[in-house]
Number of protein chains: 2
Amino acid sequence: MFELKKPYLLYLGDVQNPLDAKTAMGLKDWCPEAVLGEYARPGASVSLGLPTIAPDQAHSRGIGSLVIGIAPTGGQLPSAWVADLCAAVRSGVDIVSGLHTRLESIPELYHASQQDQAGRLINIREPTREYPCATGRKRSGKRLLTVGTDCALGKKYTALALTRALAKQKIAATFRATGQTGIMIAGSGIAMDALKGDFIAGAAECLSPDNTPEHWDVIEGQGSLYHPAYAAVTLGLLHGSQPDALILCHDPRRSHIDEYPDYPIPDLQQAIDCYVSQARLTNPWVRCVGLAINSTGMSEQTLQKYIRVHEASLNLPVVDPLKTDLTELLNSLLSAHEN
Amino acid sequence: MFELKKPYLLYLGDVQNPLDAKTAMGLKDWCPEAVLGEYARPGASVSLGLPTIAPDQAHSRGIGSLVIGIAPTGGQLPSAWVADLCAAVRSGVDIVSGLHTRLESIPELYHASQQDQAGRLINIREPTREYPCATGRKRSGKRLLTVGTDCALGKKYTALALTRALAKQKIAATFRATGQTGIMIAGSGIAMDALKGDFIAGAAECLSPDNTPEHWDVIEGQGSLYHPAYAAVTLGLLHGSQPDALILCHDPRRSHIDEYPDYPIPDLQQAIDCYVSQARLTNPWVRCVGLAINSTGMSEQTLQKYIRVHEASLNLPVVDPLKTDLTELLNSLLSAHEN
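Residues numbered from 1 in each chain as written. Chains lettered and ligands numbered in written order. Predicted model: local features only at pLDDT ≥ 70, side-chain atom pairs only at ≥ 80, totals over all residues.

Trainee: I keep staring at the overall build of chain A and nothing clicks. Help me out?
Mentor: In terms of regular secondary structure, chain A is built from ten helices and 15 strands. Against the 2.2 N^0.38 benchmark of 20 Å for 339 residues, chain A shows a C-alpha radius of gyration of 21 Å, consistent with a compact globule. Considered along the principal axes of its C-alpha atoms, chain A spans approximately 60 × 45 × 45 Å. Per-residue burial for chain A yields a buried fraction of 52% across its 339 residues. Contacts spanning at least 24 positions in sequence make up 75% of the contacts within chain A whose residues lie at least 6 apart. (Helix = DSSP H or I, 4+ residues; strand = E, 2+ residues; numbered from the N terminus. Rg over C-alpha atoms; globule rule 2.2 N^0.38 Å. Buried ≥ 20, exposed ≤ 12 C-beta atoms within 10 Å, placed from the backbone. Contact = placed C-beta atoms within 7 Å.)

The structure is reproduced here in structure tokens:
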């Protein structure tokens, strides 16, 4: 389990394309209170509009971690960034990276991190410890898991939006991160894709431990049972999470699994039935409480029509968690689990 | 993918209990042509009835690999064995181990393996390479996968028995190993439990590559979709294998998942339906062609009655692959996939 030191300085390197700064933007949107500043190298052309803090000033400005907030092409750390990262880690702040390059593999950075008062090098892609195999024992407290018709269509943001909406209603809720950006946002979590198959369900059990009876863990889903490569992680996370409630996440623009043209997106009712039936293994009381769509590119009118049609056919609330009101979905969640 | 050098010398260490020599016995039963001898230390009390070959004589007697054929308590390599293993590796034979201890972590053994003409140190628990993510592309040739109502109830031996039965009928078939003992028997394979979740389906695709249209890959299943800890590996292997045929393996004596008393063994028809429905994602033509039971401890009369009752209720051939005739099961397999 990662435990990151907030607040963050978002490192933007040489960013030219806002799409490459997705991680940094997610952090700014979902944990604004933890994001104190940004730093881009000379020549970069994207800004998040945050105060600039130089890496060597980070510690004295109260920063806990410098977070690499952009994805360079190929996932490798460009050598031009090394001096900035060394300055930050020497000053005492941690470096947090989701890149393929292990931070310790860069000699200058490793040496800088070994000095007195230096910060830690944290590779979010690597497991921090070994996890036990799942026990299957039912835990106290309540759990919601977001699941999807495909990968990368809003499972993380749906979970974050739900956690926020529950908190607004004064209902105790904790976002539980299972991927790199989620872990940076939450400041803790387990990267499920870094684990061997036999330990995924066990790690998911550790991620949402026993809690008070009315507390909701809102767990970020991974992958899809309909993905020919990634369903194993999805199923292990589903079993170990023991969800009481599922929300199916979906992107209406997709006709097939992203990058797998021969694999159609499933029918929504079939997908709900499939997830519920697999989830019953570890929680016989599981229910699907709503559909969350990513309506990017849809007109307001089309979105409203989509919601009407699908609320009727699925008999469930349908939302775009970043755009529409979540009251009905929260009611569905809470009423299904009153007893 | 492991590629082991046969023939084998089976190393039995200080074995006192025949149950601890399960791996060695499996090798003797399933690849007798590849097992030339055994070696136990003075004081051991179990023999497989094979010629004794001393480790330092292994190479001159034509041995390719010394295989550690017993499971010591705790999975660690006892220090008393090190001299034997050093003698063998120095003589030029490979050492093959499924223990938790990495062979290279024993300094004497590592040094012995670095000498001229020395053999290799092979840890079956560790992946030999990285595998790509699954492509989901349909491959040529035919595939059978054994699946189970639980772990450890005969998936490997069912696959081996089927491969043997197909070969007897002059039908081209290859056993594909996915676990340690299976890999030792086959001399190659991929240990699925050593892989990160996102690569399980991809590795399974590599394990049974394109083949001639009538060739059968008979793939050793792992875990169970009904196991609260291990279903992730099962699903990844199911998707990547793209099986045309499934055989459900079952132990009628079990009422619940081994070591998980709160998890009942599923109804057989439900289990068949569940496996078929998940397997359809990557192969819409998949069918379950039979039930294979482990009838240890059952009288002949009870076994025959069990077979009659379940053949009628499931409308499928039911066999104990180590005891009963497989003709009907082979007919079911071949007739379902004639076209």
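Having seen the structure, we can now continue with the description.
Trainee: Looking at this model, I keep getting lost on unusual backbone geometry. Mind explaining?
Mentor: In most cases, non-glycine residues show a negative phi, while peptide bonds are predominantly trans. All names here are of chain A. In this structure, the amide linkage connecting Lys-6 to the following residue, Pro-7, adopts the cis form with an omega of -5°. Looking at the secondary structure, you find Pro-7 in the loop between strand E1 (2-3) and strand E2 (8-13). Phi at Gln-242 is positive, roughly 50°, even though this residue is not glycine. Mapped onto the secondary structure, Gln-242 falls in the loop between helix H7 (231-241) and strand E11 (245-250).

Trainee: Explain the sheet that holds strand E8 (residues 173-176) of chain A to me, please; I cannot follow it from the model alone.
Mentor: Think of a sheet as strands paired side by side through backbone hydrogen bonds, with each pair either parallel or antiparallel. Residue and element names in this part refer to chain A. Pairing within the open sheet is parallel, and its six strands lie in the order E8-E10-E7-E11-E14-E15. The open sheet terminates on both sides in strands that have one partner only, identified here as E8 and strand E15 (318-319). With respect to the sheet, helix H8 (residues 268-279) is in contact with strand E7 (142-148), E11 and strand E14 (287-293), its orientation differing from that of E11 by roughly 145°. (Pairing = 2+ DSSP bridges. Axes fitted to C-alpha atoms, helices over the stretch in contact; angles between N-to-C directions.)

Trainee: Just to check I follow, could you spell out the domain arrangement of chain A for this structure?
Mentor: Accessible area lost when the parts come together is the quantity often used to give the size of an interface. All names here are of chain A. By the assigned domains, chain A splits into domain 1 (2-123) and domain 2 (142-336). Centre-to-centre, using C-alpha coordinates, domain 1 lies 29 Å away from domain 2. Contributing elements (two or more residues each) for the side of domain 1 that touches domain 2: E1 and helix H1 (22-30). Grouping the constituent residues of the side of domain 1 that touches domain 2 by class yields seven nonpolar, three polar and two charged. (Domains from an automatic or database assignment. Nonpolar A, V, L, I, M, F, W, Y, C, P; charged D, E, K, R; others polar.)

Trainee: Where do I start with H7(A) in this structure?
Mentor: Since the α-helix packs 3.6 residues into each turn, any two residues three or four apart lie on the same face. Residue and element names in this part refer to chain A. The element H7 is largely enclosed, with a buried count of eleven among its eleven residues. Those residues of H7 lying buried are Ala-231, Ala-232, Val-233, Thr-234, Leu-235, Gly-236, Leu-237, Leu-238, His-239, Gly-240 and Ser-241. With its phi angle positive at about 50°, Gln-242 sits one or two positions after the end of H7.

Trainee: Sorry, what's going on with the environment of A:Leu162 here?
Mentor: Within the secondary structure layout, A:Leu162 lies in helix H4 (residues 155-168). Dropping the residues within four chain positions of it, A:Leu162 is found in contact with A:Leu144, A:Val218 and A:Pro321.

Trainee: Help me understand the interface of chain B and chain A in this model?
Mentor: On the side of chain A, 28 residues touch chain B, which itself brings 28 residues to the contact. For the side of chain B that touches chain A, the secondary structure elements donating two or more residues are helix H6 (200-207), helix H7 (231-241) and strand E13 (260-264) of chain B. For the side of chain B that touches chain A, the element with the most residues is H7(B), which contributes six residues. Here the residues of the side of chain B that touches chain A are counted per class, giving 18 nonpolar, six polar and four charged.

Trainee: Where do I start with the packing of helix H6 (residues 200-207) of chain A against H7(A) in this structure?
Mentor: Residue and element names in this part refer to chain A. With their axes 7 Å apart at the nearest point, H6 and H7 run at an angle of 45° to one another. In this view, H6 runs oblique relative to H7, as classed from their interaxial angle. With respect to the hand of their crossing, H6 and H7 are arranged in right-handed fashion. Residue-level contacts link Ile-200, Ala-201, Gly-202, Ala-203, Ala-204 and Glu-205 of H6 to Val-233, Gly-236, Leu-237, His-239, Gly-240 and Ser-241 of H7. Each residue belonging to the contact of H6 with H7 can be placed in one class, and the counts come to six nonpolar, five polar and one charged. (Parallel < 35°, antiparallel > 145°, perpendicular 65-115°, else oblique. Left-handed = near helix turned anticlockwise from the far one by under 90°.)

Trainee: Looking at this structure, how should I read the nonpolar core?
Mentor: Proteins that are soluble and globular tend to have nonpolar side chains buried together. One finds A:Leu246, A:Leu248, B:Leu246 and B:Leu248 to be the most contacted residues of the largest nonpolar core, which totals 212 residues. In this structure, B:Leu246 is in contact with B:Leu145, B:Val147, B:Tyr275, B:Val276, B:Ala279, B:Val286, B:Cys288 and B:Val289, ignoring residues within four places of it in sequence. (Core = buried A, V, L, I, M, F, W, Y, C linked by C-beta atoms within 7 Å.)

Trainee: Looking at this model, I keep getting lost on helix H4 (residues 155-168) of chain B. Mind explaining?
Mentor: Residue and element names in this part refer to chain B. Compared with an ideal rise of 1.5 Å per residue, which puts 14 residues at 20 Å, H4 spans 20 Å between its outermost C-alpha atoms and is within 8% of the ideal. Burial of H4 is extensive: eleven of the 14 residues sit out of reach of the surface. Turning to H4, its buried residues are Lys-155, Lys-156, Tyr-157, Thr-158, Ala-159, Leu-160, Ala-161, Leu-162, Thr-163, Ala-165 and Leu-166. (Expected span 1.5 Å × (residues − 1).)

Trainee: It is not clear to me how the sheet that holds strand E4 (residues 65-68) of chain B should be interpreted in this structure. Could you clarify?
Mentor: Residues and elements named next belong to chain B. Ordered in space as E3-E2-E4-E5-E6, the five strands form an open sheet in which the pairing is parallel. Looking at which strands have only one partner, the edges of the open sheet turn out to be strand E3 (35-40) and strand E6 (121-123). Neighbour-to-neighbour, the strand axes of the sheet open up by a mean angle of 25°, direction not taken into account. In this fold helix H1 (residues 22-30) packs onto strand E2 (8-13), E3 and E4, with an angle of close to 155° to the strand it touches most, E2.

Trainee: Would you mind going over the pairing of strand E5 (residues 94-97) of chain A with me for this structure?
Mentor: A regular strand places its side chains on the two faces of the sheet in alternate fashion. All names here are of chain A. Burial along E5 is two-sided: Asp-94 and Val-96 facing one way and Ile-95 and Ser-97 facing the other are all buried. Sheet topology note: the strand E4 (residues 65-68)/E5 ladder contains three bridges and is parallel. Following the sheet pairing, Ser-65 is matched in E5 by Asp-94. For E5 and strand E6 (residues 121-123), the ladder comprises three bridges, and the chain directions are parallel. If you follow Ser-97 over to E6, its bridge partner there is Asn-123. In this fold, the crossover linking E5 to E6 by way of helix H3 (residues 107-113) has right-handed handedness. (Right-handed = clockwise from strand over helix to strand, strands pointing away.)

Trainee: Quick question: what am I supposed to make of the relation of the copies chain B and chain A here?
Mentor: Put simply, the second copy of the chain is the first one after a rotation about an axis and a shift along it. Once chain B is rotated about the relating axis by 180° and shifted along it by 0.1 Å, it coincides with chain A to within an RMSD of 0.1 Å. Interpreted geometrically, this transformation is the action of a two-fold axis. In this assembly the copies share their binding face: 100% of the residues contributing to the interface of chain B also contribute to that of chain A. (Least-squares fit on C-alpha atoms with pLDDT ≥ 70 in both.)

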